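# Structural features, examined
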Amino acid sequence: MSGDMDNNRADVISSGTLPAPGYADLLIRGYNVVRGAVRDCTNCGLELSKSTFHTNAYLTWREVGIVCLCAVLWTISRRKLATCLLQPVAQWCHLKPKDAVKMPESAWKFLFYSASWSYSAYLLFLTEYTFFQDPSSVFQDWTSGMPIPIDITIAYLIQGSFYGHSIYASFYMDVWRRDSVVMVIHHVVTLVLITFSYAFRYHKIGVLVLFLHDINDIQLEFTKLNVYLRNSGWVYKSINEIISTVGCISFSFTWFWFRLYWFPLKVLYATCIASLESVPNIPFYFFFNSLLFTLLLMNLYWFLYIMLFMVKVLTGQMKEMKDVREYEEEEHEKARLLNMAEYDTDHPDLRDQEGHEKNGIPKEKSL
């Protein structure tokens, strides 16, 4: 490494922490560190990756089976909750038909992310863990195969199984939107990050990533629920109007603050810079950072939707609040008429068969 890297390492040894950088410092230092890691990786390749994996990955088939079982239980629980509670509530609130289809999905995600984010906040702020305040400390005591505390193991079981369920739900339970393909990629990347960070004992950074992302899902789904109620026969429409407006503003702000400000300056700083400072030969350095940068790019992609929404509101193109990722009513009608014509011509015997929902319109989907 360069002389600056040696000085930084000396600072770590003497103080035990590294100061969190700004954007410019993160880009400059991160570039220098990654370039040095690439230069020093003289024997990188498939054989080294295989030996490193077998030496440092600690994950049993029993643990994989428990996660898969919990993913199935999430799916069953969602179906039961939607049938027994959420759909009757949607009818009781006199929601519009297309909103009644989407309401159970939003309510389910709101309940889960509220609980999961609260638990992550508990781990970071109400226990002895200090890696949110001091991201440089996440790798300072790292050793291969180190035991994972039971409270963090519970968080990983909950999140890993839920994202396994979410991949299935994106195809067969959720409303299909413009960004659904990106959403599936997001779920796959997140599940891979959860699995491998658990196996390689990068669990501290994993809790930090989950905390910085789940809060936006709470605000998004809660805002959408109030939009559905505002457009229904619900009595307290004015309250839902205020809540949905405040929720939209809060969601836009926290998306930038948590996912585009704190995420790079805490998570990417720790994984790109502090990790090599604490563990010079840390396993799968490039693999994990590539996944985290992919997550950052998807956050930027969705931020463009947020900016599109704000532009439409400010320019008067959008008269009422709605999810810009969802297909317009005209597209629904075209899709419905096209599907009807295809069924009438090619599959008259399947004309009345129920398909998957796309914003309330039956549409066949398959893996």
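Our subject is the structure that appears above.
Just so you know, these numbers come straight off a predicted model, no measurement behind them. (Residues numbered from 1 in each chain as written. Predicted model: local features only at pLDDT ≥ 70, side-chain atom pairs only at ≥ 80, totals over all residues. Heavy atoms only, no water.)

### Here's the deal with the packing of helix 6 (residues 150–172) against helix 8 (residues 203–230)
For the pair helix 6 and helix 8, interaxial distance at closest approach is 11 Å and the crossing angle is 55°. Judged on the interaxial angle alone, helix 8 and helix 6 are oblique. As for the relative orientation of helix 6 and helix 8, their crossing is left-handed in sense. Of the residues in helix 8, those in contact with I152, Y156, Q159 and Y163 of helix 6 are H203, G206, V207, L210 and D214. Across the contact of helix 6 with helix 8, the residue classes tally to five nonpolar, three polar and one charged. (Axes fitted to C-alpha atoms, helices over the stretch in contact; angles between N-to-C directions. Helix = DSSP H or I, 4+ residues; strand = E, 2+ residues; numbered from the N terminus. Parallel < 35°, antiparallel > 145°, perpendicular 65-115°, else oblique. Left-handed = near helix turned anticlockwise from the far one by under 90°. Contact = heavy atoms within 4.5 Å. Nonpolar A, V, L, I, M, F, W, Y, C, P; charged D, E, K, R; others polar.)

### Observations regarding helix 5 (residues 97–125)
In this model, helix 5 (29 residues) spans 42 Å end to end at C-alpha, consistent with the 42 Å of a helix rising 1.5 Å per residue. The sharpest bend along helix 5 measures roughly 30° and falls at M103, with the proline P104 sitting one to four residues further on. (Expected span 1.5 Å × (residues − 1). Bend = angle between axes of the 7 residues up to and from the residue.)

### Considerations on the pattern of salt bridges
Where charged atoms of side chains with opposite charge meet at close range, the side chains can pair. Per the stated rule, a full pass over the model turns up eleven salt bridges. Residue E241 pairs with R230 through a salt bridge whose shortest N-O separation is 3.4 Å. With E241 in helix 9 (residues 237–278) and R230 in helix 8, this pair connects stretches of sequence that are eleven residues apart. We classify E241 as partly exposed; its relative accessible area is 33%. Judged by relative accessible area, which is 9%, R230 ranks as buried. Here the residues in one salt-bridge network are R78, E105, K109, D174 and R177, joined through shared partners. (Salt bridge = Lys/Arg side-chain N within 4 Å of Asp/Glu carboxyl O. Buried < 20%, exposed > 50% of the residue type's maximum accessible area, 1.4 Å probe, protein only.)

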